[in-house]
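One letter stands for each residue in the lines below.
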Amino acid sequence: MRTLLRAFFDTRFPPSEHEKIVRKTTFETLAGVCESHTFGDTVALASYHTPIVRAFVHEAKFHRNEQAIALLGELLGEHLNAAFPSEMPHSIHLIPIPLSAERMRERG
């Protein structure tokens, strides 16, 4: 029934390209395209320049896409579990959403 409803609404309100990417991407695929980068004490889990990552961030940030939010959360959880297998440090600062170049210039 849910598939039938989705098909009906997709014909009336076609999903965006980002939503299509999120729908067909599994956790394994998302994790496979993510490469963490370390800058001093700062770690970036993935590059926003990767189309799948950009689609997930866009869907989570602007459309509250539950699948995108869940898979990004799972990705973060996996990273934290791998980085801190015994005990979580007392000070971790999470900055999940990248700023656009224009916003970065506005804010200095």
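Here, every reference points to the structure presented above.
The model shown is predicted, which means the values in this text are computed figures rather than measured ones.

### A short note on the pattern of salt bridges
No. 1: Under the defined criterion, the tally for this structure stands at three salt bridges.
No. 2: For K20, the salt bridge goes to E17, with nearest N and O atoms at 3.3 Å. Separated by three residues within a single helix, K20 and E17 lie in helix α2 (residues 17–24), roughly one turn from each other.
No. 3: When its relative accessible area of 38% is taken as the criterion, K20 is described as partly exposed.
No. 4: Taking the relative accessible area as the measure of exposure, E17 reaches 54% and is therefore exposed.
No. 5: The salt bridge involving R23 is made with E19; its shortest N-O contact spans 3.0 Å. A residue pair is termed a helical-turn pair when its members lie 3 or 4 positions apart in one helix, as R23 and E19 do in helix α2 at four residues.
No. 6: Where salt bridges share partners, they join D10, E19 and R23 into one cluster.

Cut-offs and rules
Residues numbered from 1 in each chain as written. Predicted model: local features only at pLDDT ≥ 70, side-chain atom pairs only at ≥ 80, totals over all residues. Heavy atoms only, no water. Salt bridge = Lys/Arg side-chain N within 4 Å of Asp/Glu carboxyl O. Helix = DSSP H or I, 4+ residues; strand = E, 2+ residues; numbered from the N terminus. Buried < 20%, exposed > 50% of the residue type's maximum accessible area, 1.4 Å probe, protein only.

Interpretation in functional terms is not warranted from these geometric data alone.
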